[in-house]
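Listed here are the chains, written in short residue letters.
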Amino acid sequence: MLTIDEYIAKMKRADKMDEFDYLKQSENMAAVIKYVMTYFNEYLTLETCDAEAIKMKHKMDKMEEEIESKYPKSKEFILNFYLQHRIGIHKELKKWLEGLSYFTFFYSEDDFSSAADNFCAGYKLKNASMNEYNTNIKILAAEIKKYDTEEPSYSEMIHMDNSLVSWVRETFRQYGVDLSYFAYNLANSYEQRYVKYERGKFGEGSYYVNNYNHRYNNNPFDLDRIYEDNKHRPFLKDRRGELEMLVMHEWLFNTVYDDDYWPEYVNLCVARGRVSIVKNINALIPVACAELKYPEDVRCATEHIISTDGTMKKAPQGAFILRVDVSSKNPSVWQNIEDMTSLINTLNETFKIYGAPKVLELAAPVKAVTFDDELFFACCSKIEKKMKKNSNMKLAIVNGAGNQKSKPNSYICTMEDLIKLKVQLRERKIRLQFAIDFPALMAGKRNSSFNQREIFGALTKIKNSIVCMHITNIKNQPTYSPKYKEFGEDLSAYYLHRYKYPTYDDFYTMLSTVFNDNQQRYFIPKNIGDDAQLEEVVDNLMRAGFAFCGGGI
């Protein structure tokens, strides 16, 4: 049984009609009208007209078009199965597979064979046994899994360790499994169970309230059971912690918006050995200053030495950072190539005796009325070239104070100065890095157009060039109250956590947000009077998501 379109096409071919011949336009129109009349008056007789058959053909054509690109190996099976049983077996099987807890992890012949056996055993088919289609069902299940599995969106993994992202990428490439999709589904299931919308009283806002305590949880999202059920899969072997981390990332960043906890969570996982391929976030190497002693659990093997002329009075005990500050004895060094050459020679002689430091910190010069930018950069270029032989040593400029009334201000004291210096060093191809003196930088904001939050935002632009951080003790008493976070432009959209999570001073929170990577940096305490104050700042940094490691860069 032909449709009217198919009948007209057949007659045009039989009559060899040239429908593009403009001179035969009227003749062709009359012929087509005749085809239509013949179709209804002669072709569609009571004997040949079968409405159900036409309807079935249309349905089969539509189904074939739908499945041809999705399930090419199973196309004939799906169509024949529908003709025999009037059942879209691909839809039935897909719905059943989506109900399986671990379908996302399916990749092997055994996975799909087992699924086919269970489906065929449980599916009731009238006047037939489903078991005779077992092989076809197995092939179709594999095609459904392949078609429904999209490549992970790596742009949503920007906060994750590169090794974690590589694991997700390699798992998809080798096994066709999207681990991030599993994490999304699991986080979403917990949202459905634990996040409730609650309307506030008159005059109060409404909240999405999270009733699940994800912080400091030894078995969040029941990952122990999930891992035990799936540890035989090669891509999950010894990756229980990494799988948890994927789910926690989805939960914190896209579900309950508690991303402040992420750095601390990652470092806790690393410290407790729950992950094997992930590195610390915000890793700090502690540096000893002024006989201060770190807490017992923080191993310090690097000391900080200050020199005013490039010499050292005593030998360091091990690894060290040398800070050269000539502002008091010879401030003209940065404006005189000969004086800079003399300083470089002195430093090289010092390094021959004691070895090169891990970082050579160069205190920024004071800025006078006659200060010459070009001479300063000529000196920077000179010291960079002459120190290249010390390949393991880093060179870093330290910002100075900018709010002194009795002394000249530093050449680099505000956030604007740092950004400008970064641009100029890049343009001149001078590879100097930065040691940020935060007390001086925060004090210098009085002469800056940046407020504190804007300063930290701007620091993200140069964070890859920052190798040392000088930090003072900031009193930081945490407040314990239900944590809430405004989300989006809708003022009624708040996320409120029922559990009272501690919140800390903005300084530490913003500091952690800026250095949210795996790069190791040196932590140098400044203006800290005793061991108790040092322990306090160490605790604050750890709570903010920093981790202390004893190695060197």
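These numbers come from a predicted model, not from an experiment.

### Quick word on the overall build of the protein chain
Here is step 1 of the chain: When helices and strands are counted, the protein chain shows 19 helices and 15 strands.
Here is step 2 of the chain: Across its three principal axes, the protein chain shows a C-alpha extent of roughly 115 × 65 × 60 Å.
Here is step 3 of the chain: A separation threshold of at least 6 residues defines the contact pool for the protein chain, and within that pool the share at least 24 residues apart is 70%.
Here is step 4 of the chain: Split by element, the accessible area of the protein chain, about 29,800 Å² in all, is 49% carbon and sulfur.
Here is step 5 of the chain: One finds the centroid of the 74 positive side-chain charges in the protein chain at a distance of 4 Å from the centroid of its 77 negative side-chain charges.

### Section: the pattern of salt bridges
Here is step 1 of the chain: One pass over the full model with this rule turns up 19 salt bridges.
Here is step 2 of the chain: We note a salt bridge from E170 to R173, for which the minimum N-O separation is 2.5 Å. In this pair, E170 and R173 both sit in helix α8 (residues 162-175), three residues apart, roughly one turn of the helix.
Here is step 3 of the chain: Across the salt bridge formed by D517 and R521, the nearest N and O atoms sit 3.0 Å from each other.
Here is step 4 of the chain: Residue D517 is classed as buried on the basis of its relative accessible area of 15%.
Here is step 5 of the chain: Each of D224, R240, E244 and R274 takes part in a single network of salt bridges with overlapping partners.

### Description of the side chain of N399
Here is step 1 of the chain: Tracing the chain through its elements places N399 in the loop between β7 (394-398) and α15 (415-427).
Here is step 2 of the chain: Residue class for N399 comes out buried when judged on its relative accessible area of 2%.
Here is step 3 of the chain: Of the polar contacts made by the side chain of N399, one reaches the backbone nitrogen of D437; its length is 2.8 Å.
Here is step 4 of the chain: Each residue touching N399, except ones within four places of it in the same chain, is listed here: I412, L418, A435, I436, D437, A440 and L441.

### A word on the nonpolar core
Here is step 1 of the chain: Core analysis: the biggest nonpolar cluster contains 66 residues, and L360, F438, L459, L511 and L541 have the highest contact counts within it.
Here is step 2 of the chain: L511 has contacts with F438, F456, M469, I471, L541 and F546, leaving out every residue within four places of it along the chain.
Here is step 3 of the chain: Membership of the second largest hydrophobic core comes to 42 residues, among which are F105, Y190, Y212 and V266.

### Considerations on the confidence of the model for the protein chain
Low pLDDT marks stretches whose predicted atomic positions should not be read closely.
Here is step 1 of the chain: Here the protein chain averages 88 in pLDDT, while 91% of its residues score no lower than 70.
Here is step 2 of the chain: Predicted confidence in the protein chain is weakest over strand β10 (residues 479-480), with a mean pLDDT of 64, and strongest over helix α10 (residues 223-230), with 97.

### Some remarks on a negative patch on the surface
Here is step 1 of the chain: On the surface, E296, D297, D530, D531 and E535 cluster together into a negatively charged patch.
Here is step 2 of the chain: Along the chain, D530 falls in the loop between β14 (521-525) and α19 (531-543).
Here is step 3 of the chain: Judged by its relative accessible area of 35%, D530 falls in the partly exposed class.

### Quick look at the packing of α10 against helix α11 (residues 240-254)
Here is step 1 of the chain: Between α10 and α11, the shortest axis-to-axis distance is 10 Å and the interhelical angle comes to 130°. With respect to each other, α10 and α11 are oriented oblique. You can see that α10 and α11 cross each other, and the crossing is right-handed. Here L223, D224, I226 and Y227 of α10 come into contact with α11, specifically with R240, L243, E244 and V247.

### Section: a nonpolar patch on the surface
Here is step 1 of the chain: Together, M29, I33 and M37 give the surface a local cluster of nonpolar side chains, amounting to about 320 Å² of exposed area.
Here is step 2 of the chain: You can see I33 is positioned in helix α2 (residues 25-43).

### A few points about the packing of α11 against helix α12 (residues 262-271)
Here is step 1 of the chain: Closest axis-to-axis distance for the α11/α12 pair is 11 Å, and the angle between their directions is 170°. With respect to α12, the element α11 is oriented roughly antiparallel. Two packed elements cross with a definite hand, and for α11 against α12 that hand is right-handed. Two secondary-structure elements touch here, α11 through E244, M245, M248, H249, L252 and F253 and α12 through W262, Y265, V266 and C269.
Here is step 2 of the chain: A class-by-class count of the residues in the contact of α11 with α12 yields eight nonpolar, one polar and one charged.

### Examining the pairing of strand β5 (residues 319-324)
Here is step 1 of the chain: Burial runs high along β5: five of the six residues are buried.
Here is step 2 of the chain: The pairing of strand β4 (residues 302-307) with β5 spans six bridges and is classified as parallel. From the neighbouring strand, E303 faces β5, where its bridge partner is F320.
Here is step 3 of the chain: As paired strands, β5 and strand β6 (residues 359-363) are joined by four bridges and run parallel to one another. Across the sheet, residue I321 finds its bridge partner in β6, namely V359.

### A short note on α8
Here is step 1 of the chain: In this model, α8 (14 residues) spans 20 Å end to end at C-alpha, consistent with the 20 Å of a helix rising 1.5 Å per residue.
Here is step 2 of the chain: Along α8, the residues that are buried comprise L164, V165, W167, V168 and T171. The arc enclosing the buried residues of α8, seen along the axis, measures out at 155°, which places them on a common side. In this structure, α8 carries N162 and R173 as exposed residues pointing more than 90 degrees from its buried face.

### Observations regarding the side chain of H497
Here is step 1 of the chain: Of note, H497 is situated in strand β12 (residues 494-497).
Here is step 2 of the chain: Judged by relative accessible area, H497 falls into the buried class, the value being 1%.
Here is step 3 of the chain: At 3.1 Å, the side chain of H497 and the side chain of N210 are in polar contact.
Here is step 4 of the chain: Within the structure, H497 has its side chain in polar contact with the backbone oxygen of V256 (distance 3.3 Å).

### Examining the environment of D161
Here is step 1 of the chain: Summarising the element assignment, D161 is placed in the loop between α7 (134-148) and α8.
Here is step 2 of the chain: Taking the C-alpha atoms as reference, D161 lies 6.9 Å from K279; in sequence the two are 118 residues apart.
Here is step 3 of the chain: Apart from the residues lying within four places of it in its own chain, the contact partners of D161 are I277, V278, K279 and N518.
Here is step 4 of the chain: Among the polar contacts made by the side chain of D161, one reaches the main-chain amide nitrogen of S163 at a distance of 2.7 Å.

### Remarks on the environment of L459
Here is step 1 of the chain: Here L459 lies in helix α17 (residues 452-459).
Here is step 2 of the chain: Considered as a pair, L459 and L418 are 41 residues apart in the sequence and their alpha carbons are 8.8 Å apart.
Here is step 3 of the chain: For L459, the contacting residues outside a window of four places in its chain are M415, I436, F438, L441, I466 and V514.

Cut-offs applied
Along each chain, the written sequence defines residue order, and numbers are assigned to residues from 1. Only residues with pLDDT of 70 or above have their local features reported here, since the model is predicted, and side-chain atom pairs are shown and tallied only from 80 upward, although totals for entire chains, interfaces and linings are computed over all residues. Side-chain measures here rest on the full set of heavy atoms in the structure, leaving out hydrogens and waters. Secondary structure elements are defined from DSSP: runs of H or I of at least 4 residues count as helices, runs of E of at least 2 residues count as strands, and each element is numbered from the N terminus. We call two residues contacting when some pair of their heavy atoms lies within 4.5 Å. Using the Shrake-Rupley algorithm and a 1.4 Å probe, accessible areas are obtained, with residue cover drawn only from the displayed protein chains. We count Lys and Arg on the positive side and Asp and Glu on the negative side, and we leave His and both chain ends out. Taken as the charge location is NZ of Lys, CZ of Arg, CG of Asp or CD of Glu. Every case where a carboxyl oxygen of Asp or Glu lies within 4 Å of a side-chain nitrogen of Lys or Arg is listed as a salt bridge. Buried residues are those whose accessible area, probed at 1.4 Å on protein chains only, stays under 20% of the maximum for their type, while exposed residues exceed 50% and partly exposed ones sit between those limits. Polar contact is the term for a pair of N or O atoms within 3.5 Å; when the atoms are in protein, one must be able to donate a hydrogen and the other to accept it, and sequence-neighboring residues count only if both atoms are side-chain atoms. Think of a nonpolar core as a cluster: buried Ala, Val, Leu, Ile, Met, Phe, Trp, Tyr and Cys residues, connected wherever their side-chain atoms sit within 4.5 Å. Confidence of the prediction at every residue is given by pLDDT, a number between 0 and 100. A patch consists of residues exposed above 30% relative accessible area that lack any salt bridge, with like charges linked at up to 9 Å and nonpolar side chains (Val, Leu, Ile, Met, Phe, Trp, Tyr) linked at up to 5 Å. Helix axes use the C-alpha atoms of the stretch in contact, all axes being lines fitted to C-alpha atoms, and the angles between their N-to-C directions lie in the range 0 to 180 degrees. Here the word oblique covers every angle except those under 35 degrees (roughly parallel), over 145 (roughly antiparallel) and from 65 to 115 (roughly perpendicular). For a crossing to be left-handed, the near helix must be turned anticlockwise from the far one by less than a right angle; the clockwise case is right-handed. Three categories are distinguished: nonpolar for Ala, Val, Leu, Ile, Met, Phe, Trp, Tyr, Cys and Pro, charged for Asp, Glu, Lys and Arg, and polar for the others, with Gly belonging to the last. For two strands to be treated as a pair, DSSP must find at least two bridges joining them. Expected helix span is given by 1.5 Å per residue-to-residue step, counting one fewer step than there are residues. It is the directions from the helix axis to the C-beta atoms whose arc is reported.

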